[in-house]
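Structural features, examined
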Amino acid sequence: KKFSISPDSAFNGLDCLEKVEASNQGNNPYHIIFLDCNMPILDGFETALELNKKMKDGQIKPVYIVGCTAYNSENEMQQCYDHGMQEVLNKPVC
């Protein structure tokens, strides 16, 4: 309540896409999304690509995408950026 935010969660990338689309139909779109790169069903990389496509096509409002990964190699970090994530956090986040 101190920051006037309403956090939410999704089990996988497909669930995330559905929630983002639903929030854009109402008047409460997401402003930032933290994506785990290794989610089941639809991973964070593919989810980020889909979100960026939907933003480009005007289907959803712009949202800031942060990738979360346990891997800290330069290749993994670059893969996050290449898939349209604006930032990357290494797990665990404290």
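Residues numbered from 1 in each chain as written. Predicted model: local features only at pLDDT ≥ 70, side-chain atom pairs only at ≥ 80, totals over all residues. Heavy atoms only, no water.

Our next topic: the packing of helix α1 (residues 13–25) against helix α2 (residues 44–56). In contact at an axis separation of 10 Å, α1 and α2 are set at 20° when each is read in the N-to-C sense. Relative to α2, α1 is oriented roughly parallel. Between α1 and α2 lies a crossing whose hand is right-handed. Residues Gly13, Cys16, Leu17, Val20 and Glu21 of α1 form the contact with α2, whose participating residues are Thr47, Glu50, Leu51 and Lys54. Across the contact of α1 with α2, the residue classes break down as four nonpolar, two polar and three charged. (Axes fitted to C-alpha atoms, helices over the stretch in contact; angles between N-to-C directions. Helix = DSSP H or I, 4+ residues; strand = E, 2+ residues; numbered from the N terminus. Parallel < 35°, antiparallel > 145°, perpendicular 65-115°, else oblique. Left-handed = near helix turned anticlockwise from the far one by under 90°. Contact = heavy atoms within 4.5 Å. Nonpolar A, V, L, I, M, F, W, Y, C, P; charged D, E, K, R; others polar.)

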